[in-house]
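Residue-level structure breakdown
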Amino acid sequence: MNDKFTQKCSKLKIVLFSAIMVVACIIGLAFFARPAVSENEKRELTKFPRFTIESFLSGEYTSQVSLWFADTYPLREPMIQANATFNQLYGIKDEQIVGGGNADDIPSGPADIEFNPTDDGGGQGIEGLYLNGSTAYQLYFFNKQNSDSYVSLINTFASQVDGKANVYNMIVPLHCEIALSKDTIAKYNASSCSDAIEYMYSNLSDSVTPVDVTPILKAHNNEYLYFRTDHHWTARGAYYSYVSFCRQKGIEPNELSSYKPLKFNGFLGTFYSEAKQPAAMKSDPDFVEAFVPNGTNDATVYDSRGSKLAEYAVVYTKADKYSAGNKYLCFIGGDNPLTEIHNPNIDDGSSIVVVKESYGNAFVPFLVDSYEHVYVIDYRYWNGHLADFVEKNGIDDVLFLNVVNNTSTSARLKELNLIIN
C-alpha cells in the first residue's frame, strides 16, 4: 500500500511540475505582456535586439534575445518581490549592511589635480547601504583620483567662461553625513562626506564659488530632509540648500511658506529594492513633499539635440497618480537633457543654468522665483558644449549641483567631461 501511495505521489509531482512548466512557458511566450521598466530596480529592461546578419553570424543576436527573454519575463517583478520577502523570513534584522566599498584616505588642503578618472565602469555609485529598521542610509567611499578629476572639470569650465558668467559649485552630502555619527560611518569603513567636500572645495580655482550646504542641513536635521527608502533628498532638504545658495550669491531667498505645498503619499524609492528588506519599508513608506513656484509652473523640455519634446510642469500637481516608485518624477518631469523655465513676473534678464543629475530636480523649482530664465542641463543626456551654451544664451550664473558620491563615479565624470572639453 505504501508503494502504491508513493507511486501516486510521484505521478502527482510529475503532473504538477509539468503543469507549472507549461504555464511558465505560456507566460514566457506572452510577448505583448512583457514589461519595459522594472519598478523594483528602477531601470529600463533589456530591449529586443535589432536583427542584422553580422550579429546573427557572430552569435551576439541570439545572446541578446536570450538576455531580453530573461530580463523581461512577465512575472519577473512579483518573483523578485517574493524572493526578497522570503529572505526576510530567515530572521528580523533591525540593523545590517548591504554591499560595501573601498575608500581612499581624504587629504587635507590643496593638491595637484588633473582630469584622470578611473576606468572602473562605475555607474550610479550606490556601493553600500546601512539599514536601520525601515531607513536605509547610502554610504560614501572617497576616491581621490575621481574627486580630483571632478574638481579639474569644474576649474576647466570656469576658465572657459571667465569674465562672462559666475560659476558656483554645490556638492550635496548624503543622508548618512547629516543623520549618523562619525563613529557609525567609520565603523563600516565609509568616508566622511563633509571631509571630502571640504577637500574638493579647497582645490577649486578662485573663479569658482563653493556653496557649502552641509552646515544648514545639519542645523535642520530634525526635519524631513532625505527619504528613508530612496537615495534622493526631499524638497525640504533642497530648499535649505537653495537658501544657502541665495546667501552665497547675495540675494534674498523666498520663504518656504510663500509656496503652495503638495504631498504625495506612498513613495518607495531605490533603496526599497536595493536593501532587500521590502516588508519594513513597505509598512512605513516615504511621502514626497513638493512646493509649487509662484511665478510660473510651466516648463519646456528638449531632447539631447535641442528639439522640443513637450511642455511639462515645474512641479506636477497630480503625482499622486504615479506608481509608488515614481513619485519623485513630480519635479521638472524627471531627468531630461534640457529644460527651460521662463518666469513672466520677472523682467530683469537674470538667468541661470543648473548642471545636474537627479539630485538637482527637487532644487530647481525654488529658483523659478529668483530668476527670469532658468535652464536645466542633465549632463548625462545632453549633447552640446556648455561654454557655448552659456555664451549663446547670455547666462549670468552657472551652478554645478551634484551629490557627493557622483563626484567619485567614473561614468558620471566621463559624461560631464563630454559637455565641458
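Residues numbered from 1 in each chain as written. Predicted model: local features only at pLDDT ≥ 70, side-chain atom pairs only at ≥ 80, totals over all residues. Heavy atoms only, no water.

Focus: the sheet that holds strand E7 (residues 208–210)
Stated precisely, the cut-off is as follows: Think of it this way: DSSP has to see at least two bridges between two strands before they count as a pair. A run of DSSP states H or I qualifies as a helix once it reaches four residues; a run of E qualifies as a strand once it reaches two. Both are numbered from the N-terminal end. For every element, the axis is a line fit to its C-alpha atoms; helices are fit only across the contacting stretch, and the angle between N-to-C directions ranges from 0 to 180 degrees. Any two residues whose heavy atoms approach within 4.5 Å are treated as being in contact.
Overall, mixed pairing links the 8 strands, which are arranged E7-E6-E15-E13-E14-E12-E10-E11 in an open sheet. For this open sheet the edge positions go to E7 and strand E11 (308–313), each flanked by a neighbour on one side alone. Strand-to-strand, the axes of this sheet are offset by a mean angle of 20°, without reference to chain direction. Relative to strand E14 (residues 373–378), strand E13 (residues 351–356) is paired through 6 bridges, and the arrangement is parallel. The partner of Val355 across the bridge, within E14, is Ile377. Strands strand E6 (166–172), E7, E13 and strand E15 (397–403) of the sheet are contacted by helix H10 (residues 235–249), whose axis makes an angle of about 150° with E6.

Description of unusual backbone geometry
A positive phi angle is found at Asn189, which is not glycine, with a value near 60°. As for its position among the elements, Asn189 is in the loop between helix H7 (182–187) and helix H8 (193–202). Of note, the phi angle at Ile332 is positive, near 45°, even though the residue is not glycine.

A word on the packing of aromatic side chains
Describing an aromatic ring pair means giving the distance of the ring centres and the angle of the ring planes. Quick reminder of the rule: Note on ring pairs: Phe, Tyr and Trp rings are taken, using the six-membered ring of Trp, and paired if centres are within 6.5 Å. Classes follow the plane angle, with under 30 degrees stacked, over 60 edge-to-face and the rest tilted. The classification of residues rests on relative accessible area computed with a 1.4 Å probe and restricted to protein chains. Under 20% of the type maximum is buried, over 50% is exposed, and intermediate values are partly exposed.
All told, the structure shown has 20 aromatic pairs when counted by the stated rule. Residues Phe142 and Tyr199 carry aromatic rings whose centres are separated by 5.8 Å and whose planes lie at 90° to one another, so their mutual orientation is edge-to-face. In this pair, Phe142 sits in the loop between strand E5 (135–139) and helix H5 (144–160) while Tyr199 sits in helix H8, placing the two residues 57 residues apart along the sequence. Neither residue differs from the other here; Phe142 and Tyr199 are each classed as buried. Ring centres 5.0 Å apart and planes at 70° place the aromatic pair Phe227 and Phe267 in the edge-to-face group. Linking Phe227 in the loop between helix H9 (214–219) and H10 with Phe267 in strand E8 (residues 260–267), this pair joins segments that are 40 residues apart in sequence. Classification of Phe227 by relative accessible area gives buried; the value is 1%. For Phe267, a relative accessible area of 1% puts it in the buried group. Among the aromatic residues, those joined into a cluster by ring pairs are Tyr224, Phe227, Phe267, Phe287, Tyr328 and Phe331.

With respect to H5
Short version of the rule: The span one expects for a helix is its residue count, reduced by one, times 1.5 Å. The term polar contact refers here to a pair of N or O atoms within 3.5 Å; inside protein, the definition further demands a hydrogen-donor-capable atom paired with an acceptor-capable atom, and it admits residues adjacent in sequence only when both atoms are side-chain atoms.
Helix length check: H5, at 17 residues, gives a terminal C-alpha distance of 24 Å against a target of 24 Å (1.5 Å per residue), a fit within 8%. Of all 17 residues in H5, 12 are buried; the element is thus mostly enclosed. What H5 keeps buried is the set Asn146, Ser147, Asp148, Ser149, Tyr150, Val151, Ser152, Leu153, Ile154, Asn155, Phe157 and Ala158. The inward-facing, buried residues of H5 abut E6, H8, E7, helix H14 (386–393), E15 and helix H15 (410–420). The N-cap residue of H5 is Asn143: its side-chain oxygen and the backbone nitrogen of Gln145 are 3.1 Å apart.

What to know about the pattern of salt bridges
Put simply, the rule is: For this analysis, a salt bridge means a side-chain nitrogen from Lys or Arg found within 4 Å of a carboxyl oxygen belonging to Asp or Glu.
Counted under the stated rule, the structure contains 14 salt bridges. Among the salt bridges present, the one from Arg236 reaches Glu289, with a minimum N-O distance of 2.7 Å. Taken as a pair, Arg236 in helix H10 and Glu289 in strand E9 (residues 286–292) lie far apart in primary sequence, 53 residues in all. On the accessibility criterion, Glu289 (14% relative accessible area) is buried. Between Lys356 and Asp335 there is a salt bridge, with its nearest N and O atoms 3.3 Å apart. Residue Lys356 is found in strand E13, and its partner Asp335 is found in the loop between E11 and strand E12 (338–342); the two are separated by 21 residues along the sequence. For Lys356, a relative accessible area of 1% puts it in the buried group. One network of salt bridges, in which partners are shared, links Asp335, Lys356, Asp378 and Arg380.

Topic: the state of the cysteines
Put plainly, two cysteines are in a disulfide when a covalent bond ties their sulfur atoms together. This is how it is decided: The disulfide definition used here is simple: a pair of cysteine sulfur atoms within 2.5 Å.
Going through the model one piece at a time under the given rule, you end up with 0 disulfides. Between Cys176, a cysteine without a disulfide, and Cys193, which holds the nearest cysteine sulfur, the sulfur-to-sulfur distance is 4.3 Å. Overall, Cys176 belongs to the buried group, its relative accessible area being 1%.

Digging into the pairing of E11
Taken across its 6 residues, E11 has 0 buried, putting it largely on the surface. Pairing between strand E10 (residues 298–302) and E11: 5 bridges, direction antiparallel. Within E11, the residue paired with Thr300 across the bridge is Glu311. Between E10 and E11, which pair antiparallel and follow one another directly, the connecting turn spans 5 residues, one of which, Gly306, has a positive phi of 95°.

Regarding the nonpolar core
What counts here: Nine residue types can take part in a nonpolar core, namely buried Ala, Val, Leu, Ile, Met, Phe, Trp, Tyr and Cys, and a core is a set of them joined through side-chain atoms within 4.5 Å.
Counting 103 residues, the largest nonpolar core has Phe157, Met170, Trp233, Phe245, Phe363 and Phe400 as the members making the most contacts within it. In terms of residues, this core owes the most to one element, H10, which gives 8 residues. When sequence neighbours within four positions are dropped, the list of residues in contact with Met170 reads Tyr201, Val211, Val213, Trp233, Ser241, Phe245, Phe363, Leu399, Phe400, Leu401 and Asn402. By size, the runner-up hydrophobic cluster in this structure holds 8 residues, among which are Leu129, Tyr272, Ala275 and Met281.

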